[in-house]
Amino acid sequence: MDIFEKCRDFDSDRMYETFGSLVYFRSLQLSTHPGEVVINGRSVVMAGSNDYLGLARDPRLAEAAIKAVRLDGTGCSGSRPLCGTRDIHEQLESACAAFLGREAAVLAPSGFQTNLLLAGLLGKDDVVLGDRDNHASLVDAVRLSGAHYHRYRRDDVARAEGLLAEAPDGAGRVIVTDGLFSMEGDLCDLPGLTALAARCQARVVVDSAHDFGLLGSTGRGAPEHFGLENQVDLVTATFSKSLGSAGGVLAGPAEVIDFVRSRARAAVFTAGMAPSVAAAALAALDIIRAEPERRVRALDVAERMHNGLRALGYDTGNSVSPIIPVSVPGQDRCLELWHRLLEAGVYANPIVAPGRPAGREMLRVSFTPLHSDTQLEQVLEAFAAAGRTTGVIPVAPPGSWTPVRVARPLSTAPSIVPPRSVTSPTAPTALR
Ligand code: PMP
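These figures come from a predicted structure and were not determined experimentally.

S.K.: Run through the sheet that holds strand β3 (residues 29–30), naming residues and quoting values.
M.R.: Across the sheet, four strands lie side by side as β3-β4-β5-β14; this open sheet has mixed pairing. Taken across any chain shown, the strands that pair with only one partner, and hence form the sheet edges, are β3 and β14 (346–347). Bridge count between strand β4 (residues 36–39) and strand β5 (residues 42–46): four bridges; the pairing is antiparallel. Looking at the pairing, Val37 lines up with Val44 of β5.

S.K.: Residue-level account of the environment of Ile39, with values.
M.R.: On the secondary structure map, Ile39 appears in strand β4. Overall, Ile39 belongs to the buried group, its relative accessible area being 5%. With 99 residues separating them along the chain, Ile39 and Leu138 place their C-alpha atoms 33 Å apart. When residues no more than four places from it in sequence are discounted, the contact partners of Ile39 are Arg26, Leu28, Val44, Leu342 and Tyr347.

S.K.: Describe the packing of aromatic side chains, naming the residues involved and giving the relevant values.
M.R.: Tallied over the full model, the rule gives three aromatic pairs. A centroid spacing of 6.5 Å and a plane angle of 45° characterise the contact between Phe212 and Phe239, whose relative ring orientation is tilted. Here Phe239 lies in the loop between β11 (234–238) and β12 (248–252) and Phe212 lies in the loop between β10 (203–207) and α9 (222–225), a separation of 27 residues in the sequence. Here Phe212 and Phe239 have matching classes, each one buried.

S.K.: Explain the sheet that holds strand β15 (residues 349–351) to me, and be specific about the residues and the numbers.
M.R.: Ordered in space as β13-β16-β15, the three strands form an open sheet in which the pairing is antiparallel. Taken across any chain shown, the strands that pair with only one partner, and hence form the sheet edges, are β13 (324–327) and β15. Sheet twist, expressed as the average angle between the axes of neighbouring strands with direction ignored, equals 30°. As defined by bridge partners, β15 adjoins strand β16 (residues 362–365) across three bridges and the pair is classed as antiparallel. Looking across to β16, one finds that Pro350 is bridged to Leu363.

S.K.: Just give me the short version of the packing of helix α7 (residues 157–165) against helix α8 (residues 190–200), but keep the residues and values in it.
M.R.: One can describe the packing of α7 onto α8 by two numbers: an axis separation of 10 Å at closest approach and a directional angle of 20°. Between α7 and α8, the crossing angle belongs to the class labelled roughly parallel. Crossing of α7 against α8: the hand is right-handed. Contacts from Val157, Ala160, Glu161 and Leu164 of α7 reach α8 at Gly192, Leu193, Leu196, Arg199 and Cys200. Looking at the contact of α7 with α8, its residues break down into six nonpolar, one polar and two charged.

Here is what the cut-offs are and how they apply
- Position numbers for residues count from 1 along each chain, tracking the sequence in the order it is written.
- Side-chain atom pairs in this predicted model are given and counted only at pLDDT of 80 or more, local residue features only at pLDDT of at least 70, and totals for whole chains, interfaces and linings cover all residues.
- The basis for every side-chain value is the complete set of non-hydrogen atoms in the structure, without hydrogens or water.
- When DSSP finds two or more bridges between two strands, those strands count as paired.
- Helix and strand labels come from DSSP, where a helix needs a run of H or I of at least four residues and a strand needs a run of E of at least two; each type is numbered from the N terminus.
- Think of it in three bands: residues with accessible area under 20% of the maximum for their type are buried, residues over 50% are exposed, and the middle band is partly exposed, with areas taken using a 1.4 Å probe on protein chains only.
- Residue contacts follow a heavy-atom distance rule, with two residues in contact if any of their heavy atoms lie within 4.5 Å.
- Only centres within 6.5 Å qualify two rings of Phe, Tyr or Trp (six-membered ring in Trp) as a pair; their planes then separate them into stacked at under 30 degrees, edge-to-face at over 60, and tilted for everything else.
- To define axes, lines are fitted to C-alpha atoms, for helices over the stretch in contact only, and angles between the resulting N-to-C directions are given on a 0 to 180 degree scale.
- Throughout this description, any angle smaller than 35 degrees is read as roughly parallel, any larger than 145 degrees as roughly antiparallel, any in the 65 to 115 degree range as roughly perpendicular, and the remainder as oblique.
- Note: crossing handedness is left-handed where the near helix turns anticlockwise from the far helix by less than a right angle, and right-handed where it turns clockwise.
- Three residue categories are used. Nonpolar comprises Ala, Val, Leu, Ile, Met, Phe, Trp, Tyr, Cys and Pro, charged comprises Asp, Glu, Lys and Arg, and polar comprises the others, including Gly.

Below, the structure is given as structure tokens:
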């Protein structure tokens, strides 16, 4: 059997075209107008990027990146242990560790690869519990390590406890979860998970890809939001969302980070992050520290748009964040709504099979603090008209609906998170 056979059967046009227009892999250019992108020469409101703080086009990031290119060139031409480490990497690692209140941090060239670093820490006898909606990169990290992986539903931490209790003596126990879920926009049950970890002597790893820079009183993410940073052992985060750059970071106790840096294959056998990318992320961290009003506006905009959509009759699920999952069951209806919104000058992300099971199709909608009130109104008007035409919402708005309150900071941050101790016989192999 030829491994290319499946490629001949794969009809990407059939999968990705609707109403004569390309749904996925569409080229979008950033517009000079904040909050907009250009598609086929036409400017439309971007209601779907992960640029949660509106930093991807910030001139300060661009300037920092250009300076880094001039100083260090466009690529590192080598792995970090050999000739691929630059001062900018070390500065960014220190800045991330300080920002997150952790002893140390190590970079990886993408957020995906950051999570793969965890494979270097896990052994085949370890038992890992993960939320069933965890990001693919967390799942792949566990697969690569050969550790036992069990999934739980985040509304069923009791099942997670049962699974951990069954772990053999001597197995390292780890709970791994997204902080903020990338599709549903809801938070993990960190209080429940950390309490479980304490009872079961398990380590806790949070992937803060979507909450880093955005949630918590200083932007340290979901662990800070819950006031539980000292119950979380390791944090991973990406720079490709709120930080407007690319790459990612793993932060935690110095001994663990040192081990990962020199032992994890995803850290050792890859070229250092491009200096311009690191410099942009470093500039973004400074801005996040200096301009907390961006976070406040991002959350205000999110709350307003959740509630504006709900007032029209849309269901935005359990999200409490700038990730707004607009439920549109039925692939055809979902794509039709997406198409009509685009015609009305609004780009949203259609999430259908294979990314979403049948009946749970949705439009993933998000905004930045830079969207103007006029743009936000335009989006709501487009959703009203397109939703009524497609029958996704009733013609008359609902008499009542439940308002959303977004995840505003619950706690103030401690300055440094002390490493947590776990009884050693059950700690993951590498932590023993
Ligand atoms: N973790 C989560 C939860 C994500 O949603 C993503 C990407 N969307 C990643 C990790 C990977 O990040 P990156 O795109 O920066 O590689």
